[in-house]
Amino acid sequence: MATDLEIVRVAALSDNYVWLIHDPVSDETVVVDPSEAAPVIAAVAQRGWTISQIWNTHWHFDHTDGNAEIKAMGAKVSGPAAEAERIPTLDTGLREGDSVRIGKHVASVIETPGHTAGHIVFHMAEDALLFSGDTLFAMGCGRLTEGSPAEMFGNMQRLAALPDETIVYCAHEYTVSNGRYAVIAEPDNRAVADRLHVVEAQRAAGEATVPTTIGTERATNPFLRATSVEQFADRRAAKDAFRG
Ligand code: ZN
Ligand code: FE
């Protein structure tokens, strides 16, 4: 079932994407991971919307720096309970299995430790949407700054089990770099090579390469496709060292 939520991509900083979720029924608007306030405020003003909530996936500044200014305009902030000390603007701490709502639409919280220890993602099962922050990227995954390969491999397994049609909204435009590593990780995977050509052309034309879908990632993401913790760990280490 296609969602009636309106999703808007706002480019911020050098390579961040901030996502607006607008529910035309309740007229509510949520902003996911506002790295900075100005472009977000401009995007909602242009549409005549008012932000009622901020949803944060993790504490990093390129996901939370816009919180204070948007909160001052009346928005409530929800994010990982485990990172409350590092997100001083937080109103509601969320844990695995908790949910947040926009109008009648429900987002379930999945804890995905690894990139940060408390990282969460927001899964809207009925709408088939996933806001994956810095856990799952198009053709990639987040660096392990506060977690283990085993944790992140577990996250990949969980997210890979979501329905193929789930639309994935990640927080960075890293796809070309990820794709250049992906063709090395999986040299015989035709889908990976084909997709790299597509995303390189998109970037050359100044277009965004996200959102993506779980089905596309299951076919072309070497981290989501890893079949063991060992293989995942090898790929993560290789990508960290990769300069493509
Ligand atoms: Zn981050
Ligand atoms: Fe980030």
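Residues numbered from 1 in each chain as written. Chains lettered and ligands numbered in written order. Predicted model: local features only at pLDDT ≥ 70, side-chain atom pairs only at ≥ 80, totals over all residues. Heavy atoms only, no water.

Asks: Any chance you could explain the pairing of strand E4 (residues 51–55) here in plain terms?
Replies: When you tally the buried positions in E4, you get 4 out of 5 residues, the bulk of the element. In terms of strand pairing, strand E3 (residues 28–32) meets E4 through 4 bridges, oriented parallel. Paired with Val 32 across the two strands is Trp 55, which belongs to E4. Where E4 meets strand E5 (residues 76–80), 3 bridges bridge the pair, whose relative direction is parallel. In the strand pairing of E5, Trp 55 is matched with Ser 78. (Buried < 20%, exposed > 50% of the residue type's maximum accessible area, 1.4 Å probe, protein only. Helix = DSSP H or I, 4+ residues; strand = E, 2+ residues; numbered from the N terminus. Pairing = 2+ DSSP bridges.)

Asks: What am I meant to see in the coordination of the zinc ion (ligand 1) here?
Replies: Octahedral metal centres with six donors ideally show angles of 90 or 180 degrees, and tetrahedral centres with four donors ideally show 109.5 degrees. Surrounding the zinc ion (ligand 1) are the protein donor atoms His 58 (NE2), His 60 (ND1), His 115 (NE2) and Asp 134 (OD), at 2.2 to 2.3 Å. Around the zinc ion (ligand 1), the 4 donor atoms are arranged such that angles at the metal cover 87 to 174°; this shape is classified as irregular. Spacing between the donor residues of the zinc ion (ligand 1) along their common chain follows H-x1-H-x54-H-x18-D. (Donors = N, O, S within 2.8 Å, 3.2 Å for Na, K, Ca; no water. Tetrahedral: all angles 85-135°; square planar, octahedral: opposite > 155°, others 65-115°.)

Asks: Sorry, what's going on with the sheet that holds E3 here?
Replies: The strands making up a sheet associate through backbone hydrogen bonding, with each pair oriented either parallel or antiparallel. With mixed pairing, 6 strands are arranged side by side in an open sheet as E1-E2-E3-E4-E5-E6. Each of the sheet's edge strands pairs with one partner strand only, and the pair in question is strand E1 (6–12) and strand E6 (92–94). Here the strands of the sheet are splayed against their neighbours by 20° on average, with no regard to which way each runs. With 5 bridges connecting them, strand E2 (residues 16–23) and E3 associate as antiparallel partners. By the bridge assignment, Asp 23 is partnered in E3 with Glu 28. (Axes fitted to C-alpha atoms, helices over the stretch in contact; angles between N-to-C directions.)

Asks: Is there a simple way to think about the environment of Ser 132 in this case?
Replies: Inspection of the secondary structure assignment puts Ser 132 in strand E10 (residues 129–133). Classification of Ser 132 as buried rests on a relative accessible area of 0%. Along the backbone, Ser 132 and Val 121 are 11 residues apart, and their C-alpha atoms lie at a distance of 4.9 Å.

Asks: Mind showing me how you'd approach the coordination of the iron ion (ligand 2) here?
Replies: For the iron ion (ligand 2), the full set of protein donor atoms is Asp 62 (OD), His 63 (NE2), Asp 134 (OD) and His 172 (NE2), at a range of 2.0 to 2.3 Å. Coordination at the iron ion (ligand 2) is irregular, judged from the 4 donor atoms that bind it and the angles of 82 to 168° they form at the metal. Linear spacing of the donor residues for the iron ion (ligand 2) on their chain is D-H-x70-D-x37-H. The metal-metal distance between the iron ion (ligand 2) and the zinc ion (ligand 1) comes to 3.1 Å, with Asp 134 coordinating both. With a gap of 38 residues between them, Asp 134 in the loop between E10 and strand E11 (136–137) and His 172 in the loop between strand E13 (167–170) and helix H5 (175–185) connect regions that are remote in the sequence. Pair check on accessibility: Asp 134 and His 172 agree, each one buried.

Asks: I tried to follow the sheet that holds strand E14 (residues 212–213) on my own but got confused; where do I start?
Replies: Read from one edge to the other, the open sheet built from 6 strands follows the order E7-E8-E9-E10-E13-E14, with strand pairing classed as mixed. Strands with a single pairing partner mark the edges of an open sheet, and in this sheet they are strand E7 (99–102) and E14. Pairing geometry for E13 and E14, over 2 bridges, is antiparallel. Looking at E14, one finds that Ile 167 is bridged to Thr 213. Helix-sheet contacts for helix H4 (residues 149–160) involve strand E8 (105–111), strand E9 (120–124) and E10, and the interaxial angle to E8 is about 150°. (Contact = heavy atoms within 4.5 Å.)

Asks: Looking at this structure, I do not really get the pairing of E5. What am I missing?
Replies: As a general feature of sheets, a regular strand has side chains that alternate between the two faces. Within E5, 4 of the 5 residues are buried, which leaves it mostly tucked inside the rest of the structure. Two strands pair when backbone bridges link them, and E5 and E6 are joined in this way by 3 bridges, in the parallel orientation. The residue bridging Ser 78 from the neighbouring strand is Thr 92, located in E6.

Asks: Looking at this structure, I do not really get the packing of aromatic side chains. What am I missing?
Replies: For any two aromatic rings, the description comes down to two numbers: the centre-to-centre distance and the angle of the planes. Tallied over the full model, the rule gives 10 aromatic pairs. The interplanar angle of 70° and the centroid separation of 5.0 Å between the aromatic rings of Phe 137 and Tyr 174 together place this pair among those described as edge-to-face. Residue Phe 137 is located in strand E11, and its partner Tyr 174 is located in the loop between E13 and H5; the two are separated by 37 residues in the primary sequence. A residue is classified by how much of its surface remains accessible, and Phe 137, at 4% relative accessible area, is buried. What makes Tyr 174 partly exposed here is its relative accessible area of 31%. Taken together, the ring pairs connect Phe 153, Tyr 181, Phe 223, Phe 232 and Phe 242 into an aromatic cluster. Its end group placed over the ring of Tyr 17, Arg 9 keeps NZ or CZ at 5.8 Å from the ring centre. Above the plane of the ring of Trp 49 lies Arg 47, whose end atom (NZ or CZ) is 5.7 Å from the centre. (Phe/Tyr/Trp six-rings, centres within 6.5 Å; stacked < 30°, edge-to-face > 60°. Lys NZ or Arg CZ within 6 Å of the ring centre and 35° of its normal.)

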